[in-house]
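Chains, contacts and geometry: an overview
The lines below spell out each chain.
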Amino acid sequence: MRNVLIICGKELRSYFVSPIAYLLLTMFAVIMGFFFWNALGYFVFMGIESQMRGEMFPMNVNEQVIRPLLSNMSVIGLFLIPMITMRLFAEEKRTGTIELLATSPVRDTEVILGKWLAAVTLYGCIILLTALNFVFLFRYGNPDWKPLAIGYLGLLLQAAALLAIGTFISTLTKNQIIAGAATFGVCLLLWVLEWVSGYESATWAQVLSYMSVITHFESFAKGVINTKDAVFYVTLTFLGLFFTARSMESLRWRS
Amino acid sequence: MINVKELTKRYARNTAVDHISFQVEKGQIVGFLGPNGAGKTTTMRILTCFLPPTSGTATVAGFDVLEQPLEVKKRIGYLPEMPPLYVEMRTDEYLTFVGKLKGLRGSELRQRVDAVCERCAIVDVKKKLLGKLSKGYRQRVGLAQAIIHNPDVLILDEPTAGLDPKQINETRDLIKSLAGDHTIILSTHILTEVEQTCQQVIIINKGKLVATDSVNNLQSRARGAETVLVEVGGRNGDVDSAAVQRRLEKVTGVSRVVFKEKRKNRSSFEVESQKNRFARGDLARAVVESGWDLNELRPTAVSLEEIFLQLTGEQTAAPAEETATKGAGK
């Protein structure tokens, strides 16, 4: 466990001494700020509209602002994943520092867990920054905090799974760009798989749609912890990390 | 300390290391010598548990590289051909990180970082980014990284490659100063390096072991008889090379005189004397008494170069083959 933290600390350090971390933090904060502003503007507009018509629509900050925003975040998060994971192993392979890690008295699993943990932590920081937006809601409104917390938990679980896949892809190549592009492709695919459920309800479509990471986020966005969905993310995480470990091992036999 | 038996590493298309066996005693510096692509790096990578062997066994300090890799790794310091530096780290940060990886803690860690900085003469770049260091400093930081946990065994892959002559000398001195506490294996394709720094030499070529012996033994094995270089100059004006040669041949104990070259009024000869007959004194007297000047008289030790060529055969010079094996071995 100590070794995991050592590796994790080193990874986090290199995220934060390079512009990567700040770039991602800023980008995500700006984009989500705009989404928030937009969602809130629409919410206020709807409120005034319904008052003018004299109809009382049920208005709910959780349902009409927080939930769509969380869904947006889960999709935009997909675009950040490759930028976080692409360098993890590819860079070490390119510069030869992988030899240092592989000949130090640490296990491969410790290296992998450390790197993955650093990626998850960075992602956690990124989404935490967007929580600033929601502070305004609590200041001027009265939303329920529990669905919001569950939504963030869902975001983190989803990212953990995708980051594990990204880590795996990063072990396959020496080239960061290739690692990033491939991870981006996989993330995108795991998102759009869900679309088939829109026009098809056969078993294969259900299976495909089940494999989509976005499908499993819906319950979290609603503020519900669905064990099925949590298990899906956790399983995907394990699978990703397991493949990473296999890939590291094969690296030794091949290199 | 290191025990290698019938070690073999096969890749899909070629055999990088072919049934190599050797032993290294504690505290020795061993030169691992061979042309590019001979299998030096592969053997070292196996010893450091970076690569698993196809067959055969290798043990370091009594631990098998396949069975107990963690124990082996604790006892080994490794400097790969390219020093494994994180360019975005500062020297002291990097050494602290490596120290932690190797299991050092707290005050011991700080003390070791300072000690290796001192020892490798990198104190003045302690706060510099590794990416900004010159090649010589990088190499030294790489060496510092390898010795940070005071390992029993040091494995250095071409530690002087790419350095300038001054840096090469400094690095060699540093390596020599490390012997005793550490058992050192260093690979190189430079023969003088082995002559200067190592006690024992292991020569491999195309993955096969060619010779393993102490440097002294190897030199005397190839020497047989003593060879002296004699340069004779004319007192006033030209010197008659043929006459000098005839005179030298007459000296007792001399078995063969080879004319080497003639420059202006000086001629040089290689004189081989019979075993255990040191004819140097007689040679000098003969030259002087004949009225010539003796400009130079020195024994020519047989260099490892010659031994190496004798042992590996002339084909080591074939460049096409060299690059082919090197490319496949990487």
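Notes on the structure in this doc start here. (Residues numbered from 1 in each chain as written. Chains lettered and ligands numbered in written order. Predicted model: local features only at pLDDT ≥ 70, side-chain atom pairs only at ≥ 80, totals over all residues.)

1. Concerning the overall build of chain B
- For chain B, the count of helices and strands is twelve helices and 14 strands.
- Here chain B, with 330 residues, has 41% of them falling under the buried criterion.
- Of the contacts formed within chain B by residues at least 6 apart in sequence, a portion of 69% connects residues at least 24 apart. (Helix = DSSP H or I, 4+ residues; strand = E, 2+ residues; numbered from the N terminus. Buried ≥ 20, exposed ≤ 12 C-beta atoms within 10 Å, placed from the backbone. Contact = placed C-beta atoms within 7 Å.)

2. Brief notes about the sheet that holds strand 14 (residues 293-299) of chain B
Residue and element names in this part refer to chain B.
- On the basis of which strands lie adjacent, the open sheet formed by four strands has the order 12-13-11-14 and antiparallel pairing. The open sheet terminates on both sides in strands that have one partner only, identified here as strand 12 (254-263) and strand 14. Here the average twist between neighbouring strands, direction ignored, is 20°.
- As paired elements, strand 11 (residues 227-233) and strand 13 (residues 266-273) share seven bridges and run antiparallel to each other. Residue pairing for strand 13: Val-232 is matched across the bridge by Ser-267.
- Relative to the sheet, helix 9 (residues 241-250) contacts strand 11, strand 12 and strand 13, its axis offset from that of strand 12 by approximately 160°.
- Packed on one face of the sheet, helix 10 (residues 280-289) meets strand 11, strand 13 and strand 14 and runs near 165° to strand 14. (Pairing = 2+ DSSP bridges. Axes fitted to C-alpha atoms, helices over the stretch in contact; angles between N-to-C directions.)

3. Topic: unusual backbone geometry
Residue and element names in this part refer to chain B.
- Positive phi is not limited to glycine here, since Glu-6 has a value of about 50°.
- Tracing the backbone shows Glu-6 in strand 1 (residues 2-10).
- When the 13 C-beta atoms within 10 Å are taken as the criterion, Glu-6 is described as partly exposed.

4. Things to note about the nonpolar core
- With 129 residues, the main nonpolar core has A:Ala161, A:Leu162, A:Leu163, B:Tyr94, B:Ala144, B:Ile155 and B:Ile184 as its most contacted residues.
- When near neighbours in sequence (up to four residues on either side) are disregarded, A:Leu162 contacts A:Leu78, A:Ile81, A:Cys187 and A:Val213. (Core = buried A, V, L, I, M, F, W, Y, C linked by C-beta atoms within 7 Å.)

5. Brief notes about the interface of chain A and chain B
- At the junction of the two partners, chain A supplies 17 residues and chain B supplies 21 residues.
- Per element, the largest residue contribution to the side of chain A that touches chain B is four residues, and it comes from helix 1 (residues 2-17) of chain A.
- Considered class by class, the residues forming the side of chain A that touches chain B number seven nonpolar, seven polar and three charged. (Nonpolar A, V, L, I, M, F, W, Y, C, P; charged D, E, K, R; others polar.)

6. Topic: the packing of helix 2 (residues 19-52) of chain A against helix 6 (residues 108-140) of chain A
All names here are of chain A.
- For the pair helix 2 and helix 6, interaxial distance at closest approach is 9 Å and the crossing angle is 35°. For the pair helix 2 and helix 6, the crossing hand works out as right-handed. Between helix 2, through Ala-21, Leu-24, Leu-25, Phe-28, Ala-29, Met-32, Gly-33 and Phe-36, and helix 6, the contact on the second element is made entirely by Leu-122, Cys-125, Ile-126, Leu-129, Thr-130 and Asn-133.
- Across the contact of helix 2 with helix 6, the residue classes break down as eleven nonpolar, three polar and no charged. (Left-handed = near helix turned anticlockwise from the far one by under 90°.)

7. As for the environment of B:Val201
- By the element assignment, B:Val201 lies in strand 9 (residues 200-205).
- In this structure B:Val201 touches B:Gly31, B:Leu33, B:Val194, B:Asp213, B:Val215 and B:Leu218, once residues within four positions along its chain are discounted.

8. Describing the packing of helix 3 (residues 91-101) of chain B against helix 5 (residues 135-147) of chain B
Residues and elements named next belong to chain B.
- Between helix 3 and helix 5, the shortest axis-to-axis distance is 9 Å and the interhelical angle comes to 30°. Judged by the inter-axis angle, helix 3 sits roughly parallel to helix 5. Along this stretch, helix 3 crosses helix 5, giving a crossing that reads as right-handed. Here Thr-91, Tyr-94, Leu-95 and Val-98 of helix 3 lie close against helix 5, whose contacting residues are Val-141, Ala-144 and Gln-145. (Parallel < 35°, antiparallel > 145°, perpendicular 65-115°, else oblique.)

9. Some thoughts on the environment of A:Phe43
Residue and element names in this part refer to chain A.
- Note on placement: Phe-43 falls in helix 2.
- Taking the number of C-beta atoms within 10 Å as the measure of exposure, Phe-43 has 17 and is therefore partly exposed.
- Linking Phe-43 and Gln-64, residues 21 residues apart in sequence, is a C-alpha distance of 6.9 Å.
- With residues near it in sequence (within four places) discarded, Phe-43 still touches Gln-64 and Val-65.

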